[in-house]
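Residues per chain are reported as follows:
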Amino acid sequence: MRKPSIREVAKLADVSTATVSNVFSGKKPVNDELKDRVRNAAAQLGYQVDRAASQLRSQRNKVVTVLVPNITDTFFATIVSHLENLAFEHGYDVIVASSHDRIDVETSRIKALMSWRPAGMIAIPCSGQLSESLLNLKNICPTVLIDRVSVHATPFDTVTIDNRAAGDLACQHLANAGHENILIAASNLSFPPIRERVEGAFLAMGRSQLTKPNVIELGSELEEGAVKITNWLKHNPQPTAIFALTNVTTLSTLTALAEGNIKVGQDISLVAFDDYAWMSARSTSLTAIRQPVVEVAASAWSKLLERIDSDRKNIDPNATVLDATLIERHSVKSITKQI
């Protein structure tokens, strides 16, 4: 069957071909009413943009690539979802790859992603140190890094949260509730954000003249983390509270507590990291540190577009640091000190 043309879409939508082009390319702003007419007409006709042809005409590749450590991780998947929506609104396609937390896989994925000759890349490194493959992008491709980066030691634009303040906020909340024996469930202390969250927790406890929390590394796998925290709880006095530093360590902690029949909000208090619908839907809802995920994605996308449009690649990198917030629910109980 013959493919419908842009002229046919324009005729059905009662707009110019230039308007249709702008809707799908994102080159110029188009009001919402016209966008809807064009997209409805395209849907009725079965019209699809020929990306390869439009890229040849404009001499610009309208593809961006996104690299994350693990696409099954809810935090990373949520970032990707928001980036895909933003890219669509600006006429870009998105190619996503996962490094599975391995340097060798990250190297292979970057090579594959770069074969698309993308206009830019947004990446979350798989380790606490930037790999050679990532560093090599400095003079090749506009790149923005999210999350697992130290903002003072990267040649790229970065978007992170104030992790030290987030750790401080969580442990100060626990200290205010009377908790002195706190366990921190970390993922990997080689990641700068994780180290900074621990540092913030220590600051809060020191300010309250309390003993530093114990810290256990659980890794990035839910089941492995659950086994580690179960074993720790078996061989150590039970803490009154746990601060889990990622959404995965939160799930590992909940799994271990359920297996040990330790009730959250009664036998032990818990502060989670990240905030998802299931956390408030539990019988005992979870107090959580909420990362501004929408703002993280929007800021990263804005930075990347600015680099792409200016052709400045990665000159004079800029760091954006956003604030997390504490969402108080029922998993933290106040305890009375024994006199």
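Residues numbered from 1 in each chain as written. Predicted model: local features only at pLDDT ≥ 70, side-chain atom pairs only at ≥ 80, totals over all residues. Heavy atoms only, no water.

1. Quick notes on the packing of helix α1 (residues 6-13) against helix α3 (residues 32-45)
Then, in step 1: Remark: α1 packs on α3, axes separated minimally by 8 Å, with the N-to-C direction vectors making an angle of 120°. The angle between α1 and α3 falls in the class oblique. Seen from above, α1 lies across α3 with right-handed handedness. Every residue of α3 that contacts α1 at Glu8, Val9, Leu12 and Ala13 is listed here: Arg37, Val38, Ala41, Ala42, Gln44 and Leu45.
Then, in step 2: For the contact of α1 with α3, a count of residues per class yields 7 nonpolar, 1 polar and 2 charged. (Axes fitted to C-alpha atoms, helices over the stretch in contact; angles between N-to-C directions. Helix = DSSP H or I, 4+ residues; strand = E, 2+ residues; numbered from the N terminus. Parallel < 35°, antiparallel > 145°, perpendicular 65-115°, else oblique. Left-handed = near helix turned anticlockwise from the far one by under 90°. Contact = heavy atoms within 4.5 Å. Nonpolar A, V, L, I, M, F, W, Y, C, P; charged D, E, K, R; others polar.)

2. Things to note about helix α10 (residues 222-235)
Then, in step 1: For α10, which comprises 14 residues, the first-to-last C-alpha distance of 20 Å matches the rise-based estimate of 20 Å (1.5 Å per residue) to within 8%.
Then, in step 2: Considered for burial, the residues of α10 that qualify are Gly225, Ala226, Ile229, Thr230, Trp232 and Leu233. Buried residues in α10, looked at end-on, bunch into an arc of 165°, giving them a common side. Pointing more than 90 degrees away from the buried face of α10 are the exposed residues Glu223, Lys234 and His235.
Then, in step 3: Buried residues along α10 sit in contact with β6 (182-186), β7 (214-217), β8 (241-244) and α11 (247-259). (Expected span 1.5 Å × (residues − 1). Buried < 20%, exposed > 50% of the residue type's maximum accessible area, 1.4 Å probe, protein only. Arc of directions from axis to C-beta.)

3. Re the pairing of strand β3 (residues 120-123)
Then, in step 1: Burial along β3 is two-sided: the face carrying Gly120 and Ile122 and the face carrying Met121 and Ala123 are both buried.
Then, in step 2: Both β3 and strand β4 (residues 143-146) contribute to a ladder of 3 bridges, which runs parallel. Residue pairing in the sheet places Ile122 in a bridge with Val144 of β4. (Pairing = 2+ DSSP bridges.)

4. Here's the deal with the packing of aromatic side chains
Then, in step 1: In this structure the tally under the stated criterion is 4 aromatic pairs.
Then, in step 2: The residue whose ring lies beneath Arg197 is Phe273, and the NZ or CZ to ring-centre distance is 3.8 Å. (Phe/Tyr/Trp six-rings, centres within 6.5 Å; stacked < 30°, edge-to-face > 60°. Lys NZ or Arg CZ within 6 Å of the ring centre and 35° of its normal.)

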